[in-house]
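Geometric and topological summary
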Amino acid sequence: MTLPNYSPGIQITGDIRPEYEAILSSEAADFLAGLARMFSARRDELLQARVTRQATIDSGGLPDFLPETAAIREDPSWRVAPAPPDLQDRRVEITGPTERKMVINALNCGAKVFMADFEDANAPSWENMVSGQINLRDAIDRSITFTNPDGRFYQLNEETATLLARPRGWHLNESHFLVNGAPIPGGLFDFGLYFFHNARPAMQRGTGPYFYLPKLENHLEARLWNDVFVHAQDRLGIPQGTIKATVLIETITAAFEAEEILYELREHSAGLNCGRWDYIFSYIKKLRKHPDYLLPDRAQVTMTVPFMRNYTLQVIKVCHRRGAHAMGGMAAQIPIRNDAAANQAALDKVYADKLREAKEGHDGTWVAHPGLVRIATDVFDEYMPAANQVERQRDDVNVSAADLLTPSAGDITEEGLRLNLKVGIQYLEAWLGGNGCVPLYNLMEDAATAEISRAQVWQWLHHSARLADGRPLTTEVFSEILFGALDELRNEIGQTRYESKEFSLAVELFVEMIITEEFVEFLTLPAYHYIAKAGDSNEPDAVFRLPTVPVLGSPDLANLSLNQQIDYFEDRIYRWTLGPCAALLDANNPDWDFAVLTILNAIPELIAQYHGRVGNKIDLYQHGFEYVFGPGMEFFSERLYGKLRSAIAHASLTGEGITLSRDRRNLSLPINWTQRLVTIVINVPEWYSKTRERLEDYISDLRDFGDSEKDDLRVAFSQRIIRHN
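Notes on the structure follow.

Okay, the overall build of the chain next. When you go through the chain residue by residue, the secondary structure sums to 28 helices and 17 strands. Of the contacts made within the chain by residues no fewer than 6 positions apart, 75% connect residues no fewer than 24 positions apart. Only carbon and sulfur atoms are counted for the fraction: they give 49% of the accessible area of the chain, which is about 29,000 Å².

Written out as structure tokens, the structure reads:
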């Protein structure tokens with residue numbers, strides 16, 4: 001195979017298979033490099049501006065309509081350019097990843113538009129990104145076919161949906177395509193390849209290069225996309241205004257700048273879309289430091305709660321005022337084949353959702369499954385007989401900043417928390433395996449819905465939200481619910497999958513993103529490191545793996561030795577000590593220095609749960625304490641004690657915190673925590689003394705233990721104390 005001869009400064013680190021050569025031609029690579037060189041720096045500046053804006057919100061400067069752009073909002077004269085003929089009627093749009101059979105089925109399903117997704121419904125492995133471009137190229141030139149393993153053959157119908165592509169958001173990079181040593185922004189890679197190969201062929205077939213733009217946070221990010229469009233059209237000699245883009249209003253800050261976003265893209269705008277799931281995620285993320293803005297269970301945050309309804313009405317009003325389409329969003333329900341009653345209930349929810357959208361003034365809607373196209377079409381045919389209802393003005397709508405910010409009422413339940421954990425972990429598992437669109441519990445989940453699951457749990461946990469049963473969500477309660485959710489998942493998905501690399505890594509990443517003190521902006525950012533390396537010879541190991549021995553309670557348990565069981569516990573519990581400890585190390589917790597022991601003390605209790613299967617209960621407790629005051633104490637004595645002593649001077653002089661690490665696991669401690677740790681390091685004997693008191697209380701409270709058994713435990717514990725002293 002002869003590789004394309006790329007220009008200096010261009011490096012492709014991903015595999016270039018024979019079928020990739022045409023899509024990754026040297027000419028296409030030069031086009032991409034030009035985009036990167038011209039626009040990457042501005043992208044980076046805008047991402048930094050997001051950080052600055054978040055700091056303002058964290059400190060109390062809540063989102064509001066911008067005074068500096070009031071003239072744009074108050075000027076009644078401007079309009080967006082007219083939509084082309086094939087984007088006038090968009091009553092039903094279907095979305096999905098760029099997998100080959102999916103592309104054919106979506107284009108054939110009867111929807112007016114298919115949004116081929118390089119973003120939230122896609123896992124951005126190198127193979128997915130490049131093969132997706134090939135599939136869309138073949139769809140544009142109508143050569144796309146697919147043969148199923150069972151022999152079924154797929155090809156395009158004579159009449160198909162209009163094709164739109166959604167590139168990745170500004171926050172993601174494409175690590176396999178480097179320009180002058182730096183990865184190209186993922187959105188530029190996706191847009192650039194699609195535009196380079198398909199703009200003219202699409203125009204020749206009476207359509208055009210049409211796009212959806214995700215996760216914009218303000219009008220300056222829209223301006224950057226507009227400048228990219230102008231440059232790209234000039235570069236290929238395409239008439240200005242040929243590109244049409246629909247912006248997803250799916251961040252709360254963008255809702256305050258919807259009119260300005262239309263203005264920036266007015267020559268290229270095809271309207272706005274209410275990306276409801278990302279919008280809920282953005283609401284939680286942006287207001288995460290404010291306990292007054294906690295949302296209830298995800299299932300209770302519907303489109304009829306005030307802040308969501310106000311946001312959609314605002315989008316409709318703004319779009320119709322400026323002559324643009326206002327597209328509705330995605331109902332997550334999907335057909336349920338094996339339960340007629342549940343299926344009808346799901347279809348009824350979809351119908352009600354589409355009915356609301358059509359009556360309120362949306363010009364079309366999204367569905368996630370071909371089986372829902374007919375329902376949505378029937379609703380819009382009845383309530384929107386014309387191609388659209390852009391002429392319907394909503395002058396009756398007057399949305400204030402408070403209307404967009406006031407949270408919805410409802411309960412935070414253990415069931416909702418457990419479901420968030422199960423959905424988030426399973427979605428991330430699928431994403432790491434290359435699948436970005438996953439049906440779970442009769443709903444279609446993508447990155448946006450998984451983000452809601454993660455963000456809600458993070459916010460509830462970090463604000464100690466009160467559950468519906470009255471319990472505050474402490475770390476202990478969270479850990480209990482987490483273990484319960486994992487047990488349920490093991491039963492649901494089976495032992496083999498539960499022990500797989502992807503599931504193990506998904507649990508690790510998802511839980512760490514919940515317990516970390518600083519919120520991770522997107523779950524795809526830390527996870528992309530693993531998916532990007534798939535297939536490389538230097539692929540990193542998972543941060544951890546679930547134990548290789550059978551889980552306790554399995555039929556194979558009787559064949560395991562006691563040492564194998566202890567190995568299992570050491571592996572399992574180690575994974576749940578450092579993370580929860582980081583969350584518990586809170587300056588407001590007077591017993592924070594014993595939070596670690598609270599976690600570690602659970603080890604023998606966990607072991608005892610299975611004493612009926614693995615022999616003598618006391619032996620297990622003693623082995624548990626061996627671990628508690630063995631590797632556990634070794635970590636604190638060697639890592640904390642040694643590293644803190646060597647870092648005290650630096651921390652005192654600079655006011656910085658200390659970062660500790662073990663096996664690539666980082667524990668970052670702000671300076672106020674560092675000062676408390678120093679106190680413990682200097683006075684270790686006092687720590688052991690207090691530890692003895694705490695463990696005495698713990699042993700005394702043990703149920704089903706006689707006095708002699710408790711004495712045995714005290715002896716085992718004392719031996720560990722003496723050894724470490």
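That shown, we press on.
Right, let's get into the packing of helix H14 (residues 414-432) against helix H16 (residues 475-493). With their axes 9 Å apart at the nearest point, H14 and H16 run at an angle of 55° to one another. As judged from the angle between their axes, H14 and H16 are oblique. Here H14 runs over H16; the crossing is right-handed. Where H14 approaches H16, its residues Glu 414, Leu 417, Arg 418, Leu 421, Lys 422, Ile 425 and Gln 426 are matched on the opposing element by Phe 478, Ile 481, Leu 482, Gly 484, Ala 485, Leu 486, Glu 488, Leu 489, Glu 492 and Ile 493.

Once that is clear, we can look at the pattern of salt bridges. Should their charged atoms come close, side chains of opposite charge can pair. For the structure shown, the criterion picks out 47 salt bridges. A salt bridge links Asp 120 to Lys 215, with the nearest nitrogen and oxygen atoms 2.8 Å apart. One end of the pair, Asp 120, is in the loop between strand S3 (113-117) and helix H4 (126-140); the other, Lys 215, is in the loop between strand S9 (210-213) and helix H6 (219-236), and 95 residues separate them in sequence. Summarising the burial analysis for this pair, Asp 120 and Lys 215 share the class buried. Between Arg 490 and Asp 487 there is a salt bridge whose closest N-O contact spans 3.1 Å. Note that Arg 490 and Asp 487 are positioned in helix H16 at a spacing of three residues, about one turn of the helix. The network of salt bridges with common partners includes Arg 276, Arg 309, Asp 353, Lys 354, Arg 356, Glu 357 and Glu 360.

We now examine the pairing of strand S6 (residues 162-166). A large share of S6 lies buried, amounting to five of its five residues. Residues Thr 162, Leu 164 and Arg 166 point to one face of S6 and Leu 163 and Ala 165 to the other, with burial holding for every one of them. Pairing between S3 and S6: five bridges, direction parallel. Paired with Met 115 across the two strands is Leu 164, which belongs to S6.

This next bit is on the packing of H4 against helix H5 (residues 186-204). Between H4 and H5, whose axes approach to 9 Å, the crossing angle comes to 15°. Comparing their axes, H5 and H4 come out roughly parallel. Between H4 and H5 the crossing geometry is right-handed. Of the residues in H5, those in contact with Trp 126, Met 129, Gln 133, Leu 136, Arg 137 and Ile 140 of H4 are Phe 189, Asp 190, Leu 193, Tyr 194, Asn 198, Pro 201 and Ala 202. Of the residues in the contact of H4 with H5, the class split is nine nonpolar, two polar and two charged.

This part takes up the sheet that holds strand S8 (residues 182-185). Here three strands make up an open sheet; going across it, the order is S1-S7-S8 and the pairing antiparallel. Single-partner strands in this sheet number two, and they are strand S1 (10-12) and S8. Sheet twist, expressed as the average angle between the axes of neighbouring strands with direction ignored, equals 50°. Where strand S7 (residues 173-179) lies against S8, four bridges are found, and the strand directions are antiparallel. Bridging from a neighbouring strand, Glu 174 pairs with Ile 184 of S8. Against the sheet, helix H1 (residues 26-58) engages S1, S7 and S8, with an angle of about 110° to S7.

Among the residues making up helix H19 (residues 524-532), those that are buried are Thr 524, Ala 527, Tyr 528, Tyr 530, Ile 531 and Ala 532. Residues of H19 that are buried make contact with S7, H14, helix H15 (447-462) and helix H18 (501-515).

Okay, the pairing of strand S11 (residues 269-274) next. Here S11 lies mainly inside the structure; six of its six residues are buried. Summarising the sheet, strand S10 (residues 244-249) and S11 pair through four bridges and their orientation is parallel. Paired with Ala 245 across the bridge in S11 is Ser 269. As judged from the two bridges shared by S11 and strand S12 (residues 326-327), these two strands associate in the parallel manner. From the neighbouring strand, Leu 272 faces S12, where its bridge partner is Ala 326.

Rules used throughout
- Residues numbered from 1 in each chain as written.
- Predicted model: local features only at pLDDT ≥ 70, side-chain atom pairs only at ≥ 80, totals over all residues.
- Heavy atoms only, no water.
- Helix = DSSP H or I, 4+ residues; strand = E, 2+ residues; numbered from the N terminus.
- Contact = heavy atoms within 4.5 Å.
- Areas by Shrake-Rupley, 256 points an atom, 1.4 Å probe, with all protein chains shown as cover.
- Axes fitted to C-alpha atoms, helices over the stretch in contact; angles between N-to-C directions.
- Parallel < 35°, antiparallel > 145°, perpendicular 65-115°, else oblique.
- Left-handed = near helix turned anticlockwise from the far one by under 90°.
- Salt bridge = Lys/Arg side-chain N within 4 Å of Asp/Glu carboxyl O.
- Buried < 20%, exposed > 50% of the residue type's maximum accessible area, 1.4 Å probe, protein only.
- Pairing = 2+ DSSP bridges.
- Nonpolar A, V, L, I, M, F, W, Y, C, P; charged D, E, K, R; others polar.

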